[in-house]
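Observations on the three-dimensional arrangement
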Amino acid sequence: MENKKFVTKTGAMDLFRFQIYHTYFGFMGILMALLAVVATVDLIGNFGGMSNGTRILCVILILWAVVLNPLTMYFKSKRQVETVELFKKPIVLEISEAGLNISQEENGGLVEWKDVTKIVILNKLVIFYMGKVRAHLLPLDQIPEEADEAVELIRKYAVGIKIANRRRGRRR
């Protein structure tokens, strides 16, 4: 198991998964989910004793956190994939001992492992963070036969990097 190249094209669902993870697993996402849970419990437990304004406020908060925000993120991701030229062409990502060689047509370069700050492995997506504002996505659902090998290579070569592995292995 040496270097391995993966050719993928970032789609709307890949970008949506990234945005959901990035939003809901951060401080604000946890706070938003907690507020939605508190509003739901309050709405169910105190429905009779609440004023109409409080009921409406609870329903709006729940709908915003659980329905409206994710829907907005999905449509934003879809629009971004359709309009941004970067997402229209396949990306070649090579995982090696030196790092990630990311290329798209004639553009590209090596991102050394020391420049990768965090890796998140989800069921259908790997997120390579290169700082707080830069990330690269590897959609595992586009390479189902090679997904386990990609995860193994990442774990082998990304020594000393924080890896959050939320993947449960290949689904058959």
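Up top is the structure these notes are about.
Residues numbered from 1 in each chain as written. Predicted model: local features only at pLDDT ≥ 70, side-chain atom pairs only at ≥ 80, totals over all residues. Heavy atoms only, no water.

1. Observations regarding unusual backbone geometry
- A positive phi angle, close to 55°, is found at glutamate 105, a residue other than glycine.
- By relative accessible area, which is 56% here, glutamate 105 ends up exposed. (Buried < 20%, exposed > 50% of the residue type's maximum accessible area, 1.4 Å probe, protein only.)

2. Here we look at the packing of aromatic side chains
- Counted according to the given criterion, the structure contains four aromatic pairs.
- For the pair phenylalanine 18 and tyrosine 129, a centre-to-centre distance of 6.3 Å together with 45° between the ring planes defines the contact as tilted. Residue phenylalanine 18 is found in helix H1 (residues 12-24), and its partner tyrosine 129 is found in strand S6 (residues 125-129); the two are separated by 111 residues along the sequence. Summarising the burial analysis for this pair, phenylalanine 18 and tyrosine 129 share the class buried.
- The rings of Phe16, Tyr74 and Phe75 are connected pair by pair, giving a single aromatic cluster. (Phe/Tyr/Trp six-rings, centres within 6.5 Å; stacked < 30°, edge-to-face > 60°. Helix = DSSP H or I, 4+ residues; strand = E, 2+ residues; numbered from the N terminus.)

3. Things to note about the packing of H1 against helix H3 (residues 52-83)
- With their axes 8 Å apart at the nearest point, H1 and H3 run at an angle of 135° to one another. Classified by the angle their axes make, H1 and H3 are oblique. Between H1 and H3 lies a crossing of right-handed hand. Listed contacts from H3 to Ala12, Met13, Leu15, Phe16, Gln19, Ile20, Thr23 and Tyr24 of H1 are Ala65, Asn69, Pro70, Met73, Tyr74, Ser77, Lys78, Gln80 and Val81.
- Partitioning the contact of H1 with H3 into residue classes produces eleven nonpolar, five polar and one charged. (Axes fitted to C-alpha atoms, helices over the stretch in contact; angles between N-to-C directions. Parallel < 35°, antiparallel > 145°, perpendicular 65-115°, else oblique. Left-handed = near helix turned anticlockwise from the far one by under 90°. Contact = heavy atoms within 4.5 Å. Nonpolar A, V, L, I, M, F, W, Y, C, P; charged D, E, K, R; others polar.)

4. Quick word on H3
- Residue tryptophan 64 marks the point of greatest curvature in H3, where the axis turns by about 50°.
- Within H3, burial applies to Arg55, Cys58, Ile62, Ala65, Asn69, Pro70, Met73, Ser77 and Val81.
- Taken together, the buried residues of H3 touch H1 and helix H2 (27-45). (Bend = angle between axes of the 7 residues up to and from the residue.)

5. So, the nonpolar core
- Ile95, Leu100, Trp113, Ile119, Phe128 and Leu138 are the most contacted members of the largest nonpolar core, which totals 25 residues.
- Ranked by residue count, the leading element in this core is helix H4 (residues 147-157), at six residues.
- Once you skip the residues sitting within four places of it in the chain, leucine 100 turns out to touch Leu93, Glu94, Ile95, Gly109, Leu110, Val111, Trp113, Val116 and Phe128.
- Of all hydrophobic cores here, the second largest spans 13 residues; its members include Ala12, Leu15, Val81 and Val120. (Core = buried A, V, L, I, M, F, W, Y, C linked by side-chain atoms within 4.5 Å.)

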